[in-house]
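Here are the chains, one letter per residue:
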Amino acid sequence: MAMDKNFQAQTAERRIAEMWHAQNAFAAGANKRRDDAFSIMIPPPNVTGSLHMGHAFNNTLQDILVRWKRMQGFDTLWQPGQDHAGIATQMVVERELAKQGKKRTDFTRDEFLAKVWEWKAQSGGTIIGQLQRLGCSLDWSRNAFTMSGAPGAPAGEDGNFHDAVIKVFVEMYNKGLIYRGKRLVNWDPHFETAISDLEVENIETDGHMWHFKYPLAGGESYEYLEQDEDGTVIFREMRDYISIATTRPETMLGDGAVAVHPSDKRYAPIVGKLCEIPVGPKEHRRLIPIITDEYPDPAFGSGAVKITGAHDANDYGVAKRGGIPMYRLMDTRAQMRADGAAYAEAAAIAGAVARGERVLSEAEADALNLVPDHLRGLDRYAARERVVEEITAEGLAVMTRADDPRLGRKPGAEDDPAELVPLVEAKKIMQPFGDRSKVVIEPMLTDQWFVDAEKVVGPALDAVRDGRVKIMPESGEKTYYHWLENIEPWCISRQLWWGHQIPVWYDEDGKMFCAPTEADAQDMAQGRKLMRDPDVLDTWFSSGLWPIGTLGWPERTEELQKYFPTSVLITGQDILFFWVARMMMMQLAVVDEIPFHHVYLHGLVRDAKGKKMSKSLGNVVDPLEIIDEYGADALRFTNAAMASMGGVLKLDTSRIAGYRNFTTKLWNACRFAEMNGVWDKHSTQAAPPQAQATVNRWIIGETAQVREAVDAALTDYRFNDAANALYAFVWGKVCDWYVEFAKPLFDGDQAQETRDTMAWVLDQCMILLHPIMPFITEELWQLTGARDKLCAHADWPEYGADLVDAGAMREMNWVIGLIETIRSARQQLRVPVGLKLNMVQLDLNAEGQAALARNMALVSKLARIASLEQVDALPKGSITVAVEGGTFGLPLEGVIDIAAEKDRLQKTRAKAEKERAGIEGRLNNAKFVASAPEEVVSEAREKSALLAEEIDRLGGALAQLQDIG
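Note that the coordinates shown come from a computational prediction; the quantities given were computed from them, not determined experimentally.

Asker: When you look at the overall build of the chain in this model, what are you seeing that I'm missing?
Answerer: The number of helices and strands found in the chain is 29 helices and 33 strands. Each principal axis of the C-alpha atoms in the chain carries an extent, and together these give about 110 × 75 × 55 Å. Classification of the 965 residues of the chain by burial places 55% in the buried group. In the chain, once contacts between residues fewer than 6 apart in sequence are set aside, the share between residues at least 24 apart is 77%. Of the roughly 42,100 Å² that the chain leaves accessible, carbon and sulfur atoms contribute 48%.

Rendered as structure tokens:
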């Protein structure tokens, strides 16, 4: 069947994907020719997810490796699956219920979970089809799900992943590696659950910092001194208070202390004394101690910091170190607590604690409600307004002049600049928002389940230190060490309904029974009435078991023995700690084995200017739209080409369009071959023909060299080097030069040899390109001969230097160099494209003379040369064309207006020099480099480098014109 004029990606890709699926082409072990295994576990996308650019990039790299290894005959497995995504999935289902006027609590837990499973069956597989559109060659028959086999799972969701998760929890609990305790966590008031750091989005917002006075107990006073670097007193004042600044005044109600740095001489006289929290009923004001800690920065604000251990991560650390009680002020909805004893009673107890007269247990401190009665039940922001009003009304706000620039306002003409007003700084602050709820996250002291990470982190550190696991790039390894060497307990519980429910039951006295099933727990409790812990496990806990859980563990399956440990993990650097490190810890803790040998970390895919993609900026690129417009192969090649290790991933749609042109170039080369009988009766050739023609021996050697380059690049995970080598070879060497060089050979004595060589070379192009561009290569493979198997299963070549004919390579590269030099000169000096030029030869060595004699017809045609004459001196008005071993000239007098061309080049160069000077001026400004966004600085450097190249090129052209007068 004759090839169409163009490759129709929109129709062909779907047809090819269906063919692969029908032939089960990507099943584990497909095309196996050796016993060595190669396996990758897909970083499981959320079951709620749809394909975004991060997925497209990440999965392209995985697919390149898997297809490459499959073609090499390895026993491959690319394991697919989805994460149940606790919060995300529960949110989606609750949103659907809300459309019906219902909410989660209108149902029992089991009824709601049935709704979730129903949604999963209908909509949870969206991303599977989208990954297939990208061309991902996963073994879809093995699709895994992190909730498979859970109680209540419908038919078709069987499996043992849930059992594996529960088994690990029970075993770790019994070993003392999991415990329940009270620690500070990120609390989402909308979903009323703890969330991980990865689910928190820190956003810079307009905020305020209020400055307040905390009066010293008993009316005490001290001399407050400020000194310069030489110790000279520059400010002196008697004070009966200590000043603090806060962005969250409502949390003052839970203060346990005020901290200053041990070296801060200003407050040395009052360290150890008590001060009064300036809010609440006057008769019940709480006193708290002034302590020292390394945390406060003497140069920031007043240097004194209020310590609210139950509502701030840094304060929590100070409170733990100093034995400061931590008082929780808010409920699960971030409203001020309304439970417990009256404020007077609670304040009296807290006062006794501050004076050292009483000690509270952790539970007693948490139960104590120190919210004044009139503020109880208020939303946190409403409480903030009331607290500020009350402190200001009492005269305990720090005052400043109305024209103080810290206020961030411009007083009107009627305002008195000297008027004293409360010091409330207007400033940008980083606020933590839930990435799904979009509400401000509250650091909250709550009871949660934790993995005692310090007890399991050692083997995970050792595995990287001793080289069993290699993390790339090296910066990722350093980050890995930093995180794990400073690890905190890992919060693994969530206050949700969707997820693996904690396998712990409580009797009426609160005694815990941890067991795989309720029946087992009941046996342990010996008949006592039990209540199950309502929390579920964090999805990072279950996905931490992904490598072994998807292979059937705890059963000793054939797949587990064959494909574990896996070969490589490719994932984003942002989840190095949240997922990669935890898989390391859990696999080593559970089966005493590393989960993978290599970890390839990549950055965030950004837009063409290096900016983070966001809906608010309007720069989000939808990969499915890209596939619709340009085809999956163009997107995949772009992903590979920008995958430089440690580099910024800038996605430019113009680059995608360029790689679509690349597919067209390959298609056209194959059509040219078809029109010249290359594919007549063709079948796959394992080895190239024994070529005699220099052109054919040259292209065979070029093919061998690019095969070695691609293998070396992919072995080292240098995807961009593999892509760039293939692009230069397929477009530059094959589609441009070889196609042109071969044309005259089709009519001579070496016609059949040339057809055989071109068939073999184009076959190699398809095979070598297939891992990156699977659709067009599979289509061409099927259209260009009698194939005994898919291109996806074609034998990856192993030829190398043995196919390189040094003489042929040297000769043809010399010819190409001559043609390119002539073309470049013509282009720089704007010689009309269609005009044929005379060329003169000044000198040329014997090797060059022989090469030119054999290839003059090609040079004349491709460089548009009318004649060649040997001369003793270059004619007036000639430009020099220098090549290895000789010198040629192109007489241009009368061909171009040399004076006008000089003038044009000089103006163009001057403009480029002026533009570059401006950019360099900015780059040499340290303030600009330090304050400008990273992508702006990077763009400026790239622009400067491009202009420098342009200036050099223009200079070379001017130098040529200078020589000819």
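Asker: Before we go on, may I ask you to explain the state of the cysteines in this structure?
Answerer: Here a disulfide denotes a covalent bond joining the sulfur atom of one cysteine to the sulfur atom of another. Inspection of every chain in the model, using the stated rule, returns zero disulfides. Free of any disulfide, C136 has its nearest neighbouring cysteine sulfur in C791, separated by 17 Å.

Asker: When you look at the packing of aromatic side chains in this model, what are you seeing that I'm missing?
Answerer: What describes a pair of aromatic rings is the distance from one ring centre to the other and the angle between the planes of the rings. The full count for this structure, using the stated rule, is 31 aromatic pairs. With 4.8 Å between their ring centres and 50 degrees between their planes, F662 and Y727 make a pair best called tilted. Residue F662 is found in helix 20 (residues 653–675), and its partner Y727 is found in helix 22 (residues 719–742); the two are separated by 65 residues along the sequence. We classify F662 as buried; its relative accessible area is 2%. One aromatic cluster is present, built from ring pairs that chain together F169, Y173, W449, W490 and F541.

Asker: Would you explain the sheet that holds strand 12 (residues 274–276) in this entry?
Answerer: Where strands meet in a sheet, backbone hydrogen bonds hold them as pairs that are either parallel or antiparallel. An order of 12-13-11-14 is seen for the four strands of this open sheet, with the pairing classed as mixed. The open sheet has two edge strands, strand 12 and strand 14 (304–307), and neither has a second partner. Adjacent strand axes in the sheet meet at a mean angle of 35 degrees when their direction is disregarded. One ladder, built from three bridges, connects strand 11 (residues 257–260) with strand 13 (residues 287–292); its direction is parallel. The residue of strand 13 that forms the bridge with A259 is I291. Contacting strand 13 and strand 14, helix 7 (residues 313–322) crosses the sheet at an angle of about 85 degrees to strand 14.

Asker: It is not clear to me how the environment of T48 should be interpreted in this structure. Could you clarify?
Answerer: Within the secondary structure, T48 sits in the loop between strand 1 (37–41) and helix 2 (53–71). Residue T48 is classed as partly exposed on the basis of its relative accessible area of 27%. As a C-alpha pair, T48 and G124 span 76 residues in sequence and 5.9 Å in three-dimensional space. Ignoring sequence-local partners within four residues, the contact set of T48 consists of A88, T89, V92 and W119.

Asker: I'm lost on the sheet that holds strand 31 (residues 865–870) in this one. Help?
Answerer: Spatially, the four strands line up as an open sheet ordered 31-30-33-32, and their pairing is mixed. At either margin of the open sheet sits one strand with a lone partner, and together these are strand 31 and strand 32 (878–883). Put simply, the sheet's adjacent strands are angled 30 degrees from each other on average, direction ignored. Sheet analysis places strand 32 next to strand 33 (residues 886–891), joined by six bridges and oriented antiparallel. For A882, the partnering residue across the bridge sits in strand 33 and is T887. The strands touched by helix 25 (residues 806–828) are strand 30 (837–844), strand 31, strand 32 and strand 33; relative to strand 32, the strand with the most contacts, the crossing angle is about 155 degrees. Running over the sheet, helix 26 (residues 846–863) touches strand 30, strand 31 and strand 33 and is turned about 155 degrees from strand 31.

Asker: Honestly, the pairing of strand 11 in this entry has me stumped. Any pointers?
Answerer: When a strand is regular, its side chains alternate between the sheet's two faces. The alternating pattern of strand 11 places A257 and A259 and V258 and V260 on opposite faces, both of which are buried. Note: strand 11 against strand 14, four bridges, orientation antiparallel. Following the sheet pairing, A257 is matched in strand 14 by I307.

Asker: Honestly, the side chain of T550 in this entry has me stumped. Any pointers?
Answerer: Positionally, T550 belongs in the loop between helix 15 (546–549) and helix 16 (558–563). Residue contacts for T550: discarding those within four places in its chain leaves M41, Q79, R142, A144 and F161.

Asker: Hey, could you run me through the nonpolar core in this one?
Answerer: One broad rule of soluble globular proteins: the nonpolar side chains tend to lie buried together. F169, Y480, F541, W698, F719 and F741 are the most contacted members of the largest nonpolar core, which has 213 residues in total. At 13 residues, helix 22 tops the list of elements feeding residues into this core. Contact partners of W698, with chain neighbours within four places excluded, come to K733, W737, Y738, F741, A808, M809, M812, N813 and I816. Of all hydrophobic cores here, the second largest spans 38 residues; its members include L253, Y267, I277 and I290.

Asker: Looking at this model, I keep getting lost on the pattern of salt bridges. Mind explaining?
Answerer: Pairs may arise between side chains of opposite charge once their charged atoms sit close together. Under the counting rule described, the total for this entry stands at 63 salt bridges. For the salt bridge of E394 with R285, the shortest nitrogen-to-oxygen distance reads 2.6 Å. Within this pair, whereas E394 is found in the loop between helix 10 (380–393) and strand 15 (399–401), its partner R285 is found in the loop between strand 12 and strand 13, the two being separated by 109 residues in sequence. A relative accessible area of 13% places R285 in the buried class. R707 serves as the salt-bridge partner of D711, at 2.5 Å between the closest nitrogen and oxygen. With D711 and R707 both in helix 21 (residues 694–715) and four residues apart, the pair spans about one turn of that helix. Within this structure, K32, D35, D75, E558 and K562 form a network of salt bridges that share partners.

Asker: Teacher, can you tell me more about helix 8 (residues 343–354) here?
Answerer: Every α-helix winds through 3.6 residues per turn, so residues three or four apart in the chain are directed the same way. The terminal C-alpha atoms of helix 8, which comprises twelve residues, lie 16 Å apart, in line with the 16 Å expected from a rise of 1.5 Å per residue. Of all the positions in helix 8, only Y343, A346, A347, I349, A350, G351, A352 and V353 are classed as buried. Following helix 8 by one or two positions, G356 adopts a phi angle in the positive range, close to 80 degrees.

Asker: I tried to follow the packing of helix 1 (residues 9–22) against helix 24 (residues 774–783) on my own but got confused; where do I start?
Answerer: Angle between the axes and distance between the axes: these two values describe a pair of packed helices. Orientation of helix 1 relative to helix 24, taken along the N-to-C sense of each, is 80 degrees, at an axis distance of 10 Å. One element, helix 1, and the other, helix 24, form an angle in the roughly perpendicular class. Residues A12, E13, R15, I16, A17, M19 and W20 of helix 1 form the contact with helix 24, whose participating residues are P774, F775, E778, E779 and Q782. Looking at the contact of helix 1 with helix 24, its residues break down into seven nonpolar, one polar and four charged.

Asker: Got a minute to help me understand the packing of helix 11 (residues 457–465) against helix 17 (residues 576–591) in this structure?
Answerer: At a minimum axis separation of 8 Å, helix 11 and helix 17 run at an interaxial angle of 110 degrees. By the criterion of interaxial angle, the relationship of helix 11 to helix 17 is roughly perpendicular. Contacts between helix 11 and helix 17 involve V457, P459, A460, A463 and V464 on the former and, on the latter, M584, M585 and L588. Each residue belonging to the contact of helix 11 with helix 17 can be placed in one class, and the counts come to eight nonpolar, no polar and no charged.

Asker: How do you make sense of unusual backbone geometry when you look at a structure like this?
Answerer: Generally, phi is negative for residues other than glycine and the peptide bonds are trans, each holding for most cases. The omega torsion of the bond from W553 to P554 falls at 15 degrees, within 30 degrees of zero and hence cis. A positive phi angle, close to 50 degrees, is found at A85, a residue other than glycine. With respect to the secondary-structure elements, A85 resides in the loop between strand 3 (81–82) and helix 3 (86–99). Relative accessible area serves as the criterion here: at 5%, A85 is assigned to the buried category.

Parameters at a glance
Residues numbered from 1 in each chain as written. Predicted model: local features only at pLDDT ≥ 70, side-chain atom pairs only at ≥ 80, totals over all residues. Heavy atoms only, no water. Helix = DSSP H or I, 4+ residues; strand = E, 2+ residues; numbered from the N terminus. Buried < 20%, exposed > 50% of the residue type's maximum accessible area, 1.4 Å probe, protein only. Contact = heavy atoms within 4.5 Å. Areas by Shrake-Rupley, 256 points an atom, 1.4 Å probe, with all protein chains shown as cover. Disulfide = S-S within 2.5 Å. Phe/Tyr/Trp six-rings, centres within 6.5 Å; stacked < 30°, edge-to-face > 60°. Pairing = 2+ DSSP bridges. Axes fitted to C-alpha atoms, helices over the stretch in contact; angles between N-to-C directions. Core = buried A, V, L, I, M, F, W, Y, C linked by side-chain atoms within 4.5 Å. Salt bridge = Lys/Arg side-chain N within 4 Å of Asp/Glu carboxyl O. Expected span 1.5 Å × (residues − 1). Parallel < 35°, antiparallel > 145°, perpendicular 65-115°, else oblique. Nonpolar A, V, L, I, M, F, W, Y, C, P; charged D, E, K, R; others polar.

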